[in-house]
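# Residue-level structure breakdown
For reference, the chains in residue letters:
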Amino acid sequence: MTAEGLIIILLIGAIAGWLAGVLIKGYGFGLVANIVIGIIGAFVGGYIFSALGISIAGGILGSIIVATIGAVVLLLIIGVIRKATR
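Here we summarise the structure given alongside this text.

The secondary structure content of the protein chain amounts to three helices and zero strands. Tracing the protein chain from N to C terminus, the helices and strands come up as α-α-α. Taking 2.2 N^0.38 as the reference for a compact globule, 86 residues should give roughly 12 Å; the C-alpha atoms of the protein chain span a radius of gyration of 13 Å, in line with that estimate. Principal-axis analysis of the C-alpha atoms places the extent of the protein chain at approximately 40 × 30 × 20 Å. The burial tally for the protein chain puts 31% of its 86 residues in the buried class. Put simply, 74% of the contacts in the protein chain that link residues at least 6 apart link residues at least 24 apart.

Written out as structure tokens, the structure is:
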């Protein structure tokens, strides 16, 4: 992986994590954790869209949309787990 590819992945993860934190208020975890949630969310979103047979436009915007949806799903799961352990 090139340095450029790594920077793009981190930027998409940061944007997706931030957007997910904004959409699901109260579940933001800070910049670094949001980047991690955004990157993991990209994998979750990719899996969900692939399993459903849905294809979103390619490019960075499509990647951000898929990663954001995956990060929202991930934050909702984290929220349910947090409430269950209280």
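Quick look at the packing of helix α1 (residues 3–23) against helix α3 (residues 59–85) now. Packed helix pairs are specified by the crossing angle of their axes together with the interaxial distance, meaning the distance between the axes. Two elements in contact, α1 and α3, have axes whose closest approach is 8 Å; the angle formed by their N-to-C orientations is 50°. In terms of axis orientation, α1 runs oblique to α3. As α1 runs across α3, the sense of the crossing is right-handed. Taken together, the residues of α3 that come into contact with α1 (itself represented by Ile12, Ile15, Ala16, Leu19, Ala20, Gly21 and Leu23) are Ile60, Ser63, Ile64, Ala67, Thr68, Ala71, Val72 and Leu75. A class-by-class count of the residues in the contact of α1 with α3 yields 12 nonpolar, three polar and no charged.

This part is about the nonpolar core. The biggest cluster of nonpolar side chains holds seven residues, and these are Ala20, Ile24, Ile37, Ala71, Val72, Leu74 and Leu75. Of the residues forming this core, the biggest block, four residues, is contributed by α3. Once you skip the residues sitting within four places of it in the chain, Ile24 turns out to touch Val72, Leu75 and Leu76.

Cut-offs and rules
Residues numbered from 1 in each chain as written. Predicted model: local features only at pLDDT ≥ 70, side-chain atom pairs only at ≥ 80, totals over all residues. Heavy atoms only, no water. Helix = DSSP H or I, 4+ residues; strand = E, 2+ residues; numbered from the N terminus. Rg over C-alpha atoms; globule rule 2.2 N^0.38 Å. Buried < 20%, exposed > 50% of the residue type's maximum accessible area, 1.4 Å probe, protein only. Contact = heavy atoms within 4.5 Å. Axes fitted to C-alpha atoms, helices over the stretch in contact; angles between N-to-C directions. Parallel < 35°, antiparallel > 145°, perpendicular 65-115°, else oblique. Left-handed = near helix turned anticlockwise from the far one by under 90°. Nonpolar A, V, L, I, M, F, W, Y, C, P; charged D, E, K, R; others polar. Core = buried A, V, L, I, M, F, W, Y, C linked by side-chain atoms within 4.5 Å.

In short, geometric facts, not functional conclusions.
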